[in-house]
Amino acid sequence: MPPPLLLLQNISLTFGVTPLLSSAELAVAAGDRVCLVGRNGSGKSTLLRIAAGLVQPDAGYRFAQPGATIHYLPQEPDLSGFPNTRTYVEAGFSAEAADGRYRALYLLKELGLSGEEEPTNHLDLPGIEWLERELAGMRSGIVLISHDRRLLERISRATIWLDYGITRTLNEGFKAFEPWRDAILEREASERHKLGRKIAMEEDWLRYGVTARRTRNQRRLADLHALRRKRKEQRAAQGTVRLQAAQADLSGRLVVVAQGISKSYGGRQVVRDFSTRILRADRVGIVGSNGAGKTTLLNLLTGALVPDAGEVRLGTNLAQVTLDQRRETLEPEQSLTEALTGSSGDTVTVDGQSRHVIGYMKDFLFRPEQARTPVGVLSGGERARLTFARVFARPSNLLVLDEPTNDLDLETLELLQERLAEYPGTVLLVSHDRDFLDRVVTSVIAAEGNGRWIEYAGGYTDMLVQREPAGRGTPPPKAAITKRPRPVTKVRAQPAARARRMSFDERRALETLPAQLAALETQIAKLNAALADPDLYARDPGRFGATTRALGVAQDELAAAEEQWLTLEMLREEIGDVERKS
């Protein structure tokens, strides 16, 4: 085993009255690939800053091999003072490095940058994939903190888990971490349970047993006090965030239909002639490099942005909730409770029900003493949890998530994946997290350059497989764009005799159904407006009943018309494919 280039032993550090690190350790030799994992706020970045010599611990030992060069990349680098990416990268090379400028330009080119861009914090997918290749080819020892599972699995050979200030080492990569961690937590829970039972038995002896005056019994009493101290010192596993999106009524089956949409900015075409059909319960991911137009496409599909050409039609009864990637809706001066309650008292409305804000805070792992903490001093992970707390309080059947995984720890990310998989509504999301996309989405819309976007069935890995035979930018076979199975009613197959031809009635229905759908939507809106009158029932019960029945009939007719339009539209596409092949 080679000698360590860097060694930390028995590192302790306390901020205020809260111990952050206690007996933490780290050893890194040349060629090591170590991933450091733990909850948000567990002290991972602080431990790396101690390793880099930027923070002095309260106690412990740090050794760096003479001649070793240690570089530290912070989670949020200070980009102020650098007008562009080239000057920022050049500053990372020593003044003695003669090839620093050329190396900087080479690295920027590898990332698809010219050097004149403004610096930003988050890597896009091509950048993450380049980073994987670059790290894999290095001979240096590496300690990596990341929330990107795929990156950790491919790079790491050892895992250090930081929990409650204590480090534990697994001499395997991240792929083996979660089963190992879960086994430890299960064993510790069992030990806590056994200790609790032993204390209960001893307390029962104390109440009903023999006198405690004899020496032997005094010793047993002392043992009981020791057991109580041990239980007090033991720490249970941290709680999990209770992510549960409040649900609105089901939307119509058709959620978004985009036909030939295009959008340009300053002569640059961001979206060109793109079409898609998104149904209830679809979970659609949008991927591409920084600046490709992912957020623009997302805004077009949700009606927040009007296309220059083409048409976007939104379905009925949509209740949309949006999470923005930069958390711009958070006011830094507001306290945590003010951000949740809208500065209106000490309760928050969750799924139409009133809850005390402190209880709701606990669902997202905030402590009661943080109630008055300004939003501006929260960590990136805490701001992410606060944003989820606000978003998931509002009823929805369409979740629009722009980079939802930024700053999430692995446990919260796991829970978010589970909740999105169980969510009965529709999800549109932009993400650079490949593992997250593979676990959540039913289809991926990918940027292919020059404003072209192509939809692929399945997750990110499925997209790569479909791209390979056809070549980048070439649409996959039409059959490949059948999305993953969804919990919706299957469309009945048409008889084989009609596979190549639409009847006159079907063509006529396909032409007239859009107007019929629009008329039904207008009728439903009017009926809902009438029922919104709080005095209608008291003033005219008969009219209230008739309006309610009419609304139900109109909604049923709309659902049937949408189903018919969808069936005919899929038949038209199928016939078009057959005709093109023949």
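Digging into the overall build of the protein
(1) Moving on: On a plain count of helices and strands, the protein comes out with 17 helices and 18 strands.
(2) Moving on: Among the 582 residues that make up the protein, the fraction classed as buried is 43%.
(3) Moving on: Long-range pairs, those at least 24 residues apart, make up 66% of the contacts in the protein with a sequence separation of at least 6.

Quick notes on the sheet that holds strand β17 (residues 443-449)
(1) Moving on: The strand order β12-β15-β16-β10-β17-β18 describes an open sheet built from six strands, whose pairing is mixed. In the strand order of this sheet, the two ends are held by β12 (320-323) and β18 (452-457), each with one partner. Each strand of the sheet is rotated relative to its neighbour by a mean of 15 degrees, with strand direction disregarded.
(2) Moving on: Looking at chain direction, β17 and β18 are connected through six bridges and run antiparallel. Counterpart to Ala446 in the pairing with β18 is Ile454.

Observations concerning the packing of aromatic side chains
(1) Moving on: What the rule picks out here adds up to seven aromatic pairs.
(2) Moving on: Aromatic pair Phe174 and Phe177: ring centres 5.7 Å apart, planes at 25 degrees, arrangement stacked.
(3) Moving on: Taken together, the ring pairs in this structure connect Trp161, Phe174, Phe177 and Trp180 into an aromatic cluster.
(4) Moving on: Here the guanidinium or amino end of Arg385 rests over the ring plane of Phe366, the centre of that ring lying 5.0 Å away.

Here's the deal with the pairing of strand β13 (residues 347-350)
Consecutive residues of a regular strand have side chains that alternate between opposite faces of the sheet.
(1) Moving on: The alternating pattern of β13 places Val348 and Val350 on a buried face and Thr347 and Thr349 on a face that is not buried.
(2) Moving on: In this sheet, strand β14 (residues 353-356) lies alongside β13 in antiparallel orientation, the contact comprising four bridges. In the sheet register, Val350 faces β14, and the bridge partner there is Gln353.
(3) Moving on: Taking the residues between adjacent antiparallel strands as the criterion, β13 and β14 are bridged by two residues, where Asp351 takes a positive phi near 55 degrees.

A word on the sheet that holds strand β11 (residues 309-314)
(1) Moving on: Pairing is antiparallel in the open sheet, where three strands are placed in the order β9-β8-β11. This sheet does not close on itself; its edge strands, each paired only once, are β9 (268-279) and β11. Sheet twist, expressed as the average angle between the axes of neighbouring strands with direction ignored, equals 15 degrees.
(2) Moving on: As judged from the eight bridges shared by strand β8 (residues 254-265) and β9, these two strands associate in the antiparallel manner. Following the sheet pairing, Lys263 is matched in β9 by Val271.

Looking at unusual backbone geometry
(1) Moving on: The backbone of Asp273 shows a phi angle near 50 degrees, a positive value even though the residue is not glycine.
(2) Moving on: The backbone phi angle of Asn317 is positive, close to 60 degrees, even though this residue is not glycine.
(3) Moving on: Within the secondary structure, Asn317 is located in the loop between β11 and β12.

Examining the side chain of Thr167
(1) Moving on: Mapping Thr167 onto the fold places it in strand β7 (residues 166-170).
(2) Moving on: For Thr167, a relative accessible area of 14% translates into the label buried.
(3) Moving on: A distance of 2.9 Å separates a polar side-chain atom of Thr167 from the backbone nitrogen of Glu25.
(4) Moving on: Here Thr167 is in contact with Ser23, Ala24, Glu25, Leu47, Ile160, Trp161 and Leu162, once residues within four sequence places are set aside.

As for the confidence of the model for the protein
(1) Moving on: For the protein, the mean per-residue pLDDT works out to 81, and 81% of the residues sit at or above 70.
(2) Moving on: Here helix α7 (residues 215-233) is the element of the protein with the lowest mean pLDDT, 57, and strand β10 (residues 283-287) is the one with the highest, 95.
(3) Moving on: Long-range and interchain partners of residues 211-216, a stretch whose pLDDT sits below 50, account for four contacts in this model, where long-range means more than four residues apart.
(4) Moving on: In the predicted structure, residues 485-499 sits below a pLDDT of 50 and forms 22 contacts with residues beyond four places in sequence or in another chain.

Points about the pattern of salt bridges
(1) Moving on: Inspection of every chain in the model, using the stated rule, returns 20 salt bridges.
(2) Moving on: For Glu132, the salt bridge identified is with Arg434, shortest N-O distance 2.6 Å. Placement of Glu132 in helix α4 (residues 125-136) and of Arg434 in helix α13 (residues 434-440) is noted, with a sequence separation of 302 residues between them.
(3) Moving on: Arg149 is paired through a salt bridge with Asp435; the nearest N and O atoms lie 3.4 Å apart.

Observations regarding the nonpolar core
Across soluble globular proteins, you tend to see nonpolar side chains buried next to one another.
(1) Moving on: Counting residues in each nonpolar core, the largest one holds 44 residues, and the members touching the most others are Tyr360, Leu386, Leu399, Leu420 and Leu429.
(2) Moving on: Discounting residues that sit within four places of it in the chain, Leu399 has contacts with Val321, Val391, Phe392, Leu420, Tyr423, Thr426, Val427 and Leu428.
(3) Moving on: Listed in part, the 22 residues of the second largest apolar core include Val256, Ala258, Leu428 and Ala447.

About the criteria used
- Residues numbered from 1 in each chain as written.
- Predicted model: local features only at pLDDT ≥ 70, side-chain atom pairs only at ≥ 80, totals over all residues.
- Heavy atoms only, no water.
- Helix = DSSP H or I, 4+ residues; strand = E, 2+ residues; numbered from the N terminus.
- Buried < 20%, exposed > 50% of the residue type's maximum accessible area, 1.4 Å probe, protein only.
- Contact = heavy atoms within 4.5 Å.
- Pairing = 2+ DSSP bridges.
- Axes fitted to C-alpha atoms, helices over the stretch in contact; angles between N-to-C directions.
- Phe/Tyr/Trp six-rings, centres within 6.5 Å; stacked < 30°, edge-to-face > 60°.
- Lys NZ or Arg CZ within 6 Å of the ring centre and 35° of its normal.
- Polar contact = N/O pair within 3.5 Å; in protein donor to acceptor, adjacent residues only side chain to side chain.
- pLDDT = per-residue confidence, 0-100.
- Salt bridge = Lys/Arg side-chain N within 4 Å of Asp/Glu carboxyl O.
- Core = buried A, V, L, I, M, F, W, Y, C linked by side-chain atoms within 4.5 Å.

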